[in-house]
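Residues per chain, in single letters:
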Amino acid sequence: MLTDYHVHLRPDDVEATAARYLTAANAERYRTVASERGIAELGVSEHVYRFRQALDVWRHPFWQRYAHDDLDAYCAFVREETDLRLGIEADFIPGAEDRMANLLDGRPWDYVVGSVHFLRDRAIDVDEWDVWEGAADPDRVWRRYFETLAEAARSGLYDLLAHPDLVKVWGERRPRPEGDLRRFYEPAVEAMAEAGVAVEVSSAGWRKPVGELYPAPAFLEMVIDAGCPLALSSDAHVPDELGYRYEDALELLDGLGVGELCVFEGRERRLEPIGAVA
């Protein structure tokens, strides 16, 4: 069974309003493309910072810029007007775990996607508030990123962790540590294995400057060796990005002996055999 859970029904522009994109017609466009590409399990996981309630968790200027929608209206839309699984991409904010838990609790999620987009108030993948501004030391940035990812895994907030080596997103446009990068992956892999959280294999990295799957091959091998369950997603923001380069991702997974993927419903996880792309 092929899945795509880390999906957004709109681009990341502030102007991409809920009124325009969170509609049954737009959801059906995604469902049609998913069906054409053999993706049976399709979910939506809008960014938490799109919702006003997120400002009770964190009031970073980036979040304040985007937080216009109502979270409960989003949940009702997905449940009542679509057949998609209901998810949310909720950033891990160290020190705000209780506030994020309060936001997530009591809402009918099928799954919660965790991600690390900020180190303190500096952004990993946004030019504004760039963590690399001022020629930051790459070893220090990468170490902090994977330590934060480990905290996210241990927080118990999430069902799966998205694009787990997002710190590499800029490729050659930003510094990268020298030598064997597995020294950075190790604390995160250990935490993910201990927590039993699923790890996302995301084809979105092939659309980014880095031009590489998330996670990197060495990181992925460590995750598999540690026994972490895997989820497959594209991080699509338009219908045509659904299942992006899944054939390449599936070939890599097959070569590593992976034959099952996570399926989520009501925050319960099960493993299903991988199917072929239609």
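The structure reproduced in this document is the subject of the present report. (Residues numbered from 1 in each chain as written. Predicted model: local features only at pLDDT ≥ 70, side-chain atom pairs only at ≥ 80, totals over all residues. Heavy atoms only, no water.)

If you tally the helices and strands in the protein, you get 9 helices and 11 strands. Here the protein has a C-alpha radius of gyration of 18 Å; the compact-globule value for 278 residues is 19 Å, and the two agree. By principal-axis analysis of the C-alpha atoms, the protein measures approximately 50 × 45 × 30 Å. Out of the 278 residues belonging to the protein, those deemed buried represent 56%. Restricting to contacts in the protein with at least 6 residues of sequence separation, those with at least 24 account for 74%. Put simply, the protein shows about 11,500 Å² of open surface, and 45% of that area lies on carbon and sulfur atoms. The averaged location of the 54 negative side-chain charges in the protein is 4 Å from the averaged location of its 31 positive side-chain charges. (Helix = DSSP H or I, 4+ residues; strand = E, 2+ residues; numbered from the N terminus. Rg over C-alpha atoms; globule rule 2.2 N^0.38 Å. Buried < 20%, exposed > 50% of the residue type's maximum accessible area, 1.4 Å probe, protein only. Contact = heavy atoms within 4.5 Å. Areas by Shrake-Rupley, 256 points an atom, 1.4 Å probe, with all protein chains shown as cover. Lys, Arg positive; Asp, Glu negative; His and termini not counted. Charge placed at Lys NZ, Arg CZ, Asp CG, Glu CD.)

Axis separation between helix α6 (residues 138-154) and helix α7 (residues 182-195) bottoms out at 8 Å; the angle between their running directions is 0 degrees. One way to sum up the angle between α6 and α7 is to call them roughly parallel. Side by side, α6 and α7 meet where D139, W142, R143, F146, L149, A150, A153 and R154 of the first sit next to R183, F184, Y185, P187, A188, E190, A191, M192, E194 and A195 of the second. (Axes fitted to C-alpha atoms, helices over the stretch in contact; angles between N-to-C directions. Parallel < 35°, antiparallel > 145°, perpendicular 65-115°, else oblique.)

On to the nonpolar core, then. W63, Y74, F146 and M192 are the most contacted members of the largest nonpolar core, which totals 94 residues. A per-element tally of this core places α6 first, with 8 residues. Residues in contact with M192, not counting those within four places in the same chain, are A153, L161, V197, V199, F219, V223 and C228. In terms of nonpolar packing, the next biggest core, distinct from the first, is built from 10 residues, V113, L160, A231 and F264 among them. (Core = buried A, V, L, I, M, F, W, Y, C linked by side-chain atoms within 4.5 Å.)

Tracing the chain through its elements places F51 in the loop between β2 (39-47) and α3 (61-66). The spacing of F51 and S35 is 16 residues in sequence and 29 Å in space, taken between C-alpha atoms. Once you skip the residues sitting within four places of it in the chain, F51 turns out to touch R10, E46, A67, D69, D70, L71, Y74 and I88.

Side chains bearing opposite charge may pair, as long as their charged atoms lie close to each other. Per the stated rule, a full pass over the model turns up 22 salt bridges. Ionic pairing is found between D83 and R31, a salt bridge with its closest N-O pair at 3.3 Å. Of this pair, D83 sits in the loop between α4 (71-81) and β3 (85-91) while R31 sits in helix α2 (residues 24-36), and the two are 52 residues apart along the sequence. For D83, a relative accessible area of 52% corresponds to the exposed category. Judged by relative accessible area, R31 falls into the buried class, the value being 13%. Between R107 and D72 there is a salt bridge, and its shortest N-O distance comes to 2.8 Å. With R107 in the loop between α5 (97-104) and β4 (111-115) and D72 in helix α4, the pair connects residues that are 35 residues apart, well separated along the chain. Using a relative accessible area of 39% as the deciding quantity, one classes D72 as partly exposed. (Salt bridge = Lys/Arg side-chain N within 4 Å of Asp/Glu carboxyl O.)

Turning next to the sheet that holds strand β8 (residues 198-202). Strand order in the open sheet made by the 7 strands is β1-β2-β3-β4-β7-β8-β9, with parallel pairing throughout. Edge positions in the sheet fall to β1 (2-4) and β9 (230-233), since each has one partner strand and no second. Note: β3 against β4, 5 bridges, orientation parallel. The residue of β4 that forms the bridge with D91 is S115. Lying over the sheet, α4 contacts β2 and β3, oriented at roughly 150 degrees with respect to β3. (Pairing = 2+ DSSP bridges.)

Our focus in this paragraph is the pairing of β8. Of all 5 residues that make up β8, 5 are buried, and the element is covered over most of its length. Burial along β8 is two-sided: A198, E200 and S202 and V199 and V201, pointing in opposite directions, are all buried. As defined by bridge partners, strand β7 (residues 160-161) adjoins β8 across 2 bridges and the pair is classed as parallel. Opposite L161, over in β8, you have V199 as the bridge partner. At this point the chain moves from β7, through α7, to the parallel β8, and the crossover so formed is right-handed. Here β8 pairs with β9 via 4 bridges, running parallel. Bridge assignment links V199 to a residue of β9, and that residue is L230. Chirality of the crossover, the property in question, places the unit of β8, helix α8 (residues 217-225) and β9 among those that are right-handed. (Right-handed = clockwise from strand over helix to strand, strands pointing away.)

Positionally, R144 belongs in helix α6. Ignoring any residue separated from it by four or fewer positions in sequence, one finds R144 in contact with L119 and R120.

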